[in-house]
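# Fold and contact review
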Amino acid sequence: MSRPLLVFALLLLAGAARAAPSVPESALASTAPDRGNPRLEGRLLLDHDAVRPGAQFRVGVLLSMDRHWHVYWRNSGQSGTPPNLRWQIAGAEVGAPEWPFPEVFRENGGFITTYGYTDEVLLASPVTFASRVSGDVEVRLDADVLVCEVQCIPGELHLSRPIRVGVADQASAEYELFERWRARVPRPVGERGLELEALYSQSAIRPGDSFRAALALHSCAKGSGDAPACAALSPATEKIEDAFVPEHTGGVELAVTGARRPPFLAGGFLLTLSGSASHDASAGDTRLRGALAVTRKGETEFVEVDLPLPRAAAGAKVAALENPWLDPDLRSPNAPAISLWQAVLLALLGGVVLNAMPCVLPVLAIKVFGLAELAQHGRAEIVRHGIAYTAGVLASMLALAGIVVALRAAGTSVGWGFQFQEPIFVAAIAAVLVVFALSLFGVFEFRLDATRIASAGAQATGARRSFFEGLLAVVLATPCTAPFVGTAVGFAFASSTATIAAIFLAIGFGLALPFLLVCLVPAWAKLVPRSGPWTAQLRAALGFALLGTVVWLLWILGRSAGADSQAALLAYLCALAAGVWVFGAIQRTERVSPARIAGIVLVVLGLLGLRSLPIGAPAPAGTARPVAELGRHFSAADVEAARARGAPVFVYFTAEWCLTCKVNEHVVLDDARVRAELEQRGFEIFKGDWTRRDEAIRQELARFGKAGVPLYLVYGSSAGAQPIVLPELLTVDVFVNALREAAPKTEEKT
Amino acid sequence: MKRIALAIAAAALLGAVQSPKIGDRVPDWSARDENGVEHKMSQYAGHAVVLEWTNPECPFVERHYQAGTMKQLATVLGAKDVVWLAVNSTYTNTADDTKAWKQEQGFSYATLQDEDGKLGHLFGARTTPHMFVIDAKGVLRYRGAIDDDQYGRAEKPKNYVDSAVQALLASASPDPSETQSYGCSVKYKD
């Protein structure tokens, strides 16, 4: 007898702790008997004892379940049924129930997912009496409520109690309870000062399609881009996949697959979804609906999701909208520690791949053939060089990370390769390359200690030079982006200072790795050919390759800052070369102090000269651009206007220092077939030039998950459709097909 | 957390690959009924097949058996050469349980014994009842609820399975071909 007694006492205690309000007998019932034991109790609650006609008040049913038993949300999920509430109040209009944010239940490892409530839930509805009503009115509720543990038991509730309709409003003792539950009811995003957007993997969803989607949530007003004003948001549930509960509307089933934090959401986050549409045709576009639980500054908020879901008929042509942010990322934005390793790994891989990009290749070639000269000096020397080179790469990556952090702290957002937007930087790199080339030509040596130069003889390269070459490799690497680097850098830019440093160091280590391995693995070092007279000639040849890079830099500067700046830089480089030549001559006299003094003077004069270069002022648009340009200057408003006119639109983002962009433009955008297609289909073209820093362009890039250029967008003529995002490496065929898809001619329409 | 997410992603992926969608050919399966007789998809080529996920312990199933929904429809469609098979994927169910239930309810169609849940996972059955209609060529043509009356309150519920099979017999496409099924979750073995 003692055990049932104990259970009874516990139940009493549980009941007391829950403190359900006492209500008239007619407003309380228990139902869903499980072998005689009711699993569900229902109470009809009113937030007012008395109301005026025309004033809104709330009626509700408080459902109290036994431990482990649950009832369902308005979408029960893959099994169950939602509570079915039928209110009857004479002379009153009853609104739809307000559903608090539910829990997610997963059976069989997620094979059956349902949404509902354990313990208790208050389902409230707004009510307004018509003006003619007065006196006591009976509020009635008939409800079907399915309650499940493992087994399910359908319950039925028939509850009623009176409310006084009169001249004054009087809140009831239950008012507070209504308010407590209201706090859990999702509100429209606008009310919460949040921005919510949906991205889809295709321009419209056809019957039977499986697709990917993403919900992007942030707290910044559109277009403000003022990063510090955006609060950091996180999914509020312990498991990310429980933070969004979808409704089953328009025959579309949705499931959360992951979450990520793209930099362009400025503290917001993105939930990736997988969706499948039923095989049946839908009448027009449907909505993506559901509820989202978000944490902002330690407070949990619930927001309604109600976004357009474009639909199309079976067999209709739809455009694939590739967007890297649609892919589920299994790391948790609540626990970046897990994700960091993936990002670091990507960064490392990307760094290795960077070695093969045209930007870095010359430096790497110099290094490897430098080894040939070293080969006779034994392993210790070679290893020392490998480590020095690696240190140089890492130091410069760390410096780059520092600059990114500092700029971010100052409120400036930057992208990968941002330094090439600064003319003074381009000039400095050109200067460094010229000096470096002169050293390869043998005009001077990277040593101030002339006596040691004499004795060292063939040992022309020192560890210091390896370090310097490491710096150079990094500086030259940035205008090239390699696979993986973009993702890793995008991740880094949105993360903490430590993460940025870690990612940049990982890219650096990847960049240094091939050369380091050649130095460290004896078998590999042996593969490098023995040095001979040919190495001096090869050094000279590579010197000319570096001068070629200088030509490219001059061209960038000419395009971005004008011919005058270009001429100024050329003059400076000439003076610098002369200075270096004088230094070399003094060096060859083998007198230490004059050489040292000459070296210091040269460096000081060189830096002063660089600082006073008249290249900062951007040239007025047009003067430096004699070539016919494709497209008008990008502005988001102009693009909107063009689309509002019903015109198909092509937008491309480029920069003079972006080699990939230039190749695409030359090979594809200048192609006659492409030009003809663009013209015949009436495309309006916009060019976003990111050669110099431009906040509007950075934001537009970020909107598509990019930290840099290129980006190609093709908008069809139908309003509201998502653009086709073209791959970074364009081909004429891919481009023309995208144009045809976006803007079919009448005879092509299906 | 990561493992759960991975499992979900994997399940979503596998689910997408494995469960036939509307218009997909149903892979050949075989299962034994309560009398140990083997049934195969291939043996029913040329017949429309209705699969009904069932569990006598589920109140939704009980309600439909009390109302005679399944039994009557199986009889009507049986006269038109349509095969009706029940499937019980409840992990605690035994052949003897099924025989007792069959006797109590007086229906004649076989109930496939799927206590390991293989057939249920193959079709993506999630509720009892959950209905699947396969055409004479072995293509899945309907999946979802038995009718539009999840609360059992409609006077004349629309029976989706009936309308789907009638459409097939008239060489038309079922509309709707997919609905959200309601009921108890299938009690699969973990």
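Residues numbered from 1 in each chain as written. Chains lettered and ligands numbered in written order. Predicted model: local features only at pLDDT ≥ 70, side-chain atom pairs only at ≥ 80, totals over all residues.

### Section: the sheet that holds strand β14 (residues 195–200) of chain A
Residues and elements named next belong to chain A. If you trace the four strands from one edge of the open sheet to the other, you get β14-β15-β19-β18, paired in antiparallel fashion. A single partner strand is all that each edge strand has here, and the edge strands are β14 and β18 (252–260). With strand direction ignored, the average angle separating the axes of adjacent strands in the sheet is 25°. The pairing of β18 with strand β19 (residues 269–277) spans eight bridges and is antiparallel. Within β19, the position partnered with Ala259 by the bridge is Leu271. (Pairing = 2+ DSSP bridges. Helix = DSSP H or I, 4+ residues; strand = E, 2+ residues; numbered from the N terminus. Axes fitted to C-alpha atoms, helices over the stretch in contact; angles between N-to-C directions.)

### Remarks on the packing of helix α8 (residues 463–477) of chain A against helix α10 (residues 497–520) of chain A
Residues and elements named next belong to chain A. For the pair α8 and α10, interaxial distance at closest approach is 11 Å and the crossing angle is 115°. Regarding α8 and α10, the two cross each other, and that crossing is right-handed. Residues Gly470, Ala473, Val474 and Ala477 of α8 pack against Gly508, Leu511 and Ala512 of α10. Residue composition of the contact of α8 with α10, by class: five nonpolar, two polar and no charged. (Left-handed = near helix turned anticlockwise from the far one by under 90°. Contact = placed C-beta atoms within 7 Å. Nonpolar A, V, L, I, M, F, W, Y, C, P; charged D, E, K, R; others polar.)

### With respect to helix α18 (residues 695–703) of chain A
Working note: α-helix, 3.6 residues per turn, so residues spaced by three or four point in the same direction. Residues of α18(A) that are buried: A:Ile697, A:Arg698, A:Glu700, A:Leu701 and A:Ala702. Those residues of α18(A) that are buried lie in contact with α15 (636–644), β23 (649–654), β24 (684–689) and β25 (711–715) of chain A. (Buried ≥ 20, exposed ≤ 12 C-beta atoms within 10 Å, placed from the backbone.)

### Considering the sheet that holds strand β1 (residues 28–34) of chain A
Residue and element names in this part refer to chain A. A sheet is described by the order of its strands in space; here five strands give the open sequence β1-β2-β4-β10-β7, paired in antiparallel fashion. Two strands bound the open sheet, and with one partner strand each, they are β1 and β7 (92–94). The sheet shows a mean angle of 25° between the axes of neighbouring strands, taken without regard to direction. Across six bridges, β1 lies against strand β2 (residues 37–46) in antiparallel orientation.

### Notes on the environment of A:Asn37
With respect to the helices and strands, A:Asn37 occurs in strand β2. Given 9 C-beta atoms within 10 Å, A:Asn37 falls into the exposed group.

### Examining the pairing of strand β3 (residues 48–51) of chain A
All names here are of chain A. Bridge analysis of β3 against strand β13 (residues 170–171) gives two bridges, and the strand direction is antiparallel. Across the sheet, residue Ala50 finds its bridge partner in β13, namely Gln170. Pairing of β3 with strand β12 (residues 152–165) involves two bridges; the strand directions are parallel. Its bridge partner lying in β12, Val51 is registered against Val165.

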